[in-house]
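Secondary and tertiary structure notes
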Protein chains: 2
Amino acid sequence: MTHDYSDALIVQEVSPRDGLQIEPTWVETTDKIALIDQLSLAGFSRIEAGSFVSPKAIAALRDGEQVFQGIIRHPGIIYVALIPNLKGAQRAIESRADELNLVMSASQTHNLANMRMRCEASLTAFGDVVSFAGDHPVRLNGSIATTFGCPFEGRIDEDRVLQLVDAYQALGIQSVTLADTTGMANPRQVERLVKRVLERVSADHLTLHFHNTRGLGLCNVLAAYEVGARRFDAALGGLGGCPFAPGASGNICTEDLVNLCDEVGIETGIDLPYLLRLSRQLPALLGHELPGQVAKAGRNCDLHPPPGYIATL
Amino acid sequence: MTHDYSDALIVQEVSPRDGLQIEPTWVETTDKIALIDQLSLAGFSRIEAGSFVSPKAIAALRDGEQVFQGIIRHPGIIYVALIPNLKGAQRAIESRADELNLVMSASQTHNLANMRMRCEASLTAFGDVVSFAGDHPVRLNGSIATTFGCPFEGRIDEDRVLQLVDAYQALGIQSVTLADTTGMANPRQVERLVKRVLERVSADHLTLHFHNTRGLGLCNVLAAYEVGARRFDAALGGLGGCPFAPGASGNICTEDLVNLCDEVGIETGIDLPYLLRLSRQLPALLGHELPGQVAKAGRNCDLHPPPGYIATL
């Protein structure tokens, strides 16, 4: 088995959005801004900085406008906002988001539960978003939630996912994200589907969004990279969670992913020691431990002094 | 990329030994026996049930004799005892352990710290163990701790590991375990070294022992399986830990590994729903949460009822 690890792996940091949105305790707007500003110094080229959804649906991120207004913009970084509909798009564009991340679910039941509308209605709304966004200098990305499984419906037919990729492209959205929303993917499934999607979408335009709900997140990243995927979402500290599994992991952990890449020789451009310092602040900010491992254990290459007694043996 | 998953993956359950040995709270002998008896019903063919080391070194397992005396032996299961020296071997054989797992470190510094002797002295002691064991119906396995990295010395030269494999074989011990004692391995390193070791040791006689200290445990299992390894240690709940990283994961989690295998179609012969019930008892027994994910999140295939409000949309 040979591995070509010469292509960089691009990490989009999503902790300010997919991480904070599930936090039970309110995180002050100034703390959100400070976190994003710190993340902007870590080497990321993309940060999902917030969402513009109904404040009734996700109160934790109701301050999207203030957050996007308050952050220090770095020229090399694309600041992304997640949006579910035209109203969200209008708010995000007013707030000068660089990219709108449209989201709908491959599963009809999950789209009803999460977006309170049928998939067809989501696609119609996205048509309006595309028309509106066309008058503004903003990028568009289309996310497909529950790509690898739905907590209500189970396995999602791969052809269904490909149809949604086609639907996004028919709307003029070339850039897509396959999201394993509740961590149901396995590496062989990932490999199979990513191969098929890469026949339609270039690697530059395909992002994989994995959750580590059942401990398979990094296995899935490696499987996707091996068949050509290059862009991955991840969250500092493994922030986030699963609404159906209190205590379970959320997003794959950025520093654990970067540590893996550093170890096997895949470039990410991210400063891991700096990232670890950021991650180690999170428990104080959020009031609980985070699932990320490397922040607790140190990098593979961090050594320890041997016990003194061995000198006497 | 093609994957041949037709060979079963053999899991050796090590929670009673490598898990419990690091627990700060004393686990009653009767509770240890009950745990092992429950594990004996899960489908394992091998359980590392305890160790016979100095009670001063590992007080948590000082009741090895009583544990081995108290458990219900199942004919299809090999009950293994870890031992560091001849005295341990004598105790283990008196306690009717089916297999002695000899352990030394590839790293001189780690062997000094852990075994309080040089590697050469460990090998000499193992010569005595082999002579003694020869008169008894007991199997022998040789473990190489810190195979993939030492917390004091860092990377271990691969040739050093191969020398120790040869040294075990020269003693007449055909069965070896490569142990990633503090979770420093990465999948490409694993692949490279396992390939080389499989030139010396048959897959039936090679066990991989990974820790999930930095979240790479299951990636390392897949990498090892892909190049021919078939036998893996794992611990219920991911029990265990890293002495250098409070809060970090220990052994790879048995139920997370079995869930991965079930999902990608590798047979293990282990009853995952039963195993999850066992794992979910551990927090009450030990007084703390465990790092295993599937016990919290459920299997990939466990679905949830959709929210009632979608019927009204």
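Quick note: structure is the one above.
Everything numeric here is computed off the predicted structure, so don't read it as measured data. (Residues numbered from 1 in each chain as written. Chains lettered and ligands numbered in written order. Predicted model: local features only at pLDDT ≥ 70, side-chain atom pairs only at ≥ 80, totals over all residues. Heavy atoms only, no water.)

Counting its regular elements, chain A contains 13 helices and eight strands. Since a compact globule built from 313 residues should have a radius of gyration of about 20 Å, the 19 Å found for chain A is in line with a globular shape. Dimensions of chain A, computed from C-alpha atoms along their principal axes, come out at roughly 75 × 45 × 35 Å. Partitioning the intrachain contacts of chain A with sequence separation of at least 6 by distance along the chain shows that 74% fall at a separation of at least 24. As displayed, chain A offers around 11,500 Å² of accessible surface, 51% of which is attributable to carbon and sulfur atoms. Side chains of chain A give 26 positive and 36 negative charges; the mean places of these two sets differ by 4 Å. (Helix = DSSP H or I, 4+ residues; strand = E, 2+ residues; numbered from the N terminus. Rg over C-alpha atoms; globule rule 2.2 N^0.38 Å. Contact = heavy atoms within 4.5 Å. Areas by Shrake-Rupley, 256 points an atom, 1.4 Å probe, with all protein chains shown as cover. Lys, Arg positive; Asp, Glu negative; His and termini not counted. Charge placed at Lys NZ, Arg CZ, Asp CG, Glu CD.)

Turning our eyes to something else, we now look at the interface of chain B and chain A. Each partner contributes to the interface: chain B provides 56 residues, whereas chain A provides 56 residues. When chain B packs against chain A, close to 4,600 Å² is buried across both sides, 61% of that on carbon and sulfur atoms. For the interface between chain B and chain A, the tally reads four salt bridges. The residue B:Glu226 makes a salt bridge to A:Arg188 at a minimum N-O spacing of 3.6 Å. Viewed at the interface, chain A and chain B are joined by 22 residue pairs in polar contact (both at pLDDT 80 or more). Elements represented by at least two residues in the side of chain B that touches chain A include exactly helix 5 (108–115), helix 8 (187–197), helix 9 (217–226), helix 10 (254–264) and helix 13 (294–297) of chain B. Per element, the largest residue contribution to the side of chain B that touches chain A is five residues, and it comes from helix 10 of chain B. (Buried area = accessible area lost by both parts, 1.4 Å probe. Salt bridge = Lys/Arg side-chain N within 4 Å of Asp/Glu carboxyl O. Polar contact = N/O pair within 3.5 Å; in protein donor to acceptor, adjacent residues only side chain to side chain.)

Residue and element names in this part refer to chain B. Of all eight residues that make up helix 11 (residues 272–279), six are buried, and the element is covered over most of its length. In this structure, the buried side of helix 11 is in contact with helix 2 (29–39), helix 10, helix 12 (282–286) and helix 13. Backbone nitrogen of Tyr274 and a side-chain oxygen of the N-cap are separated by 3.1 Å at the start of helix 11; the cap is Asp271. (Buried < 20%, exposed > 50% of the residue type's maximum accessible area, 1.4 Å probe, protein only.)

To continue, consider unusual backbone geometry. One non-glycine residue, A:Thr146, adopts positive backbone phi at about 55 degrees. Here A:Thr146 is to be found in the loop between strand 5 (139–145) and helix 7 (158–170). A:Thr146 gets classed as buried once you look at its relative accessible area, which sits at 0%. One non-glycine residue, B:Arg116, adopts positive backbone phi at about 60 degrees. Within the secondary structure, B:Arg116 is located in the loop between helix 5 and helix 6 (119–133).

Our next topic: empty space enclosed by the protein. Residues and elements named next belong to chain B. As enumerated under the stated definition, the model contains seven cavities of 30 Å³ or more in all. Computed from the structure, the second largest cavity encloses a volume of approximately 50 Å³. Around the second largest cavity, the lining residues are Gln12, Arg46, Glu48, Val80, Glu99, Asn101, Asn141, Ser175, Thr177, Thr207, Arg231 and Asp233. Elements supplying a minimum of two residues to the lining of the second largest cavity: strand 2 (46–51), strand 4 (99–105), strand 6 (175–179) and strand 8 (231–234). (1 Å grid on protein atoms, 1.4 Å probe; cavity = no way out; pocket = protein on both sides within 12 Å on 5 of 7 lines; lining within 4 Å. Points joined across faces, edges and corners; volume = space filled by probe spheres on them.)

For the rest of this paragraph, the subject is the relation of the copies chain B and chain A. For these two chains of identical sequence, chain B goes onto chain A by a turn of 180 degrees and a shift of 0.0 Å along the axis, with RMSD 0.0 Å. Seen this way, the second copy is the image of the first under a two-fold rotation axis. No C-alpha of chain B approaches the rotation axis more nearly than that of B:Cys219, which lies at 2.5 Å. When you check the interface residues of chain B against chain A, 100% turn up at the interface there too, and the contact is symmetric in its surfaces. (Least-squares fit on C-alpha atoms with pLDDT ≥ 70 in both.)

It is worth spelling out the packing of aromatic side chains at this point. Residues and elements named next belong to chain A. Enumeration over the complete set of coordinates arrives at eight aromatic pairs over all chains. Seen from their ring centres, Phe126 and Tyr168 are 5.9 Å apart, and the 15 degrees between their planes marks the pair as stacked. Of this pair, Phe126 sits in helix 6 (residues 119–133) while Tyr168 sits in helix 7; the two residues are 42 residues apart in sequence, bridging distant segments of the chain. As far as burial versus exposure is concerned, Phe126 and Tyr168 are alike and both buried. (Phe/Tyr/Trp six-rings, centres within 6.5 Å; stacked < 30°, edge-to-face > 60°.)

Here we take up the sheet that holds strand 3 (residues 78–83) of chain A. All names here are of chain A. Around the barrel, eight strands lie side by side as 1-2-3-4-5-6-7-8; this closed barrel has parallel pairing. Across the sheet, the mean angle separating the axes of adjacent strands is 30 degrees when strand polarity is ignored. With four bridges connecting them, strand 1 (residues 10–13) and strand 8 (residues 231–234) associate as parallel partners. Each residue of the ladder has a partner; that of Ile10, found in strand 8, is Arg231. (Pairing = 2+ DSSP bridges. Axes fitted to C-alpha atoms, helices over the stretch in contact; angles between N-to-C directions.)

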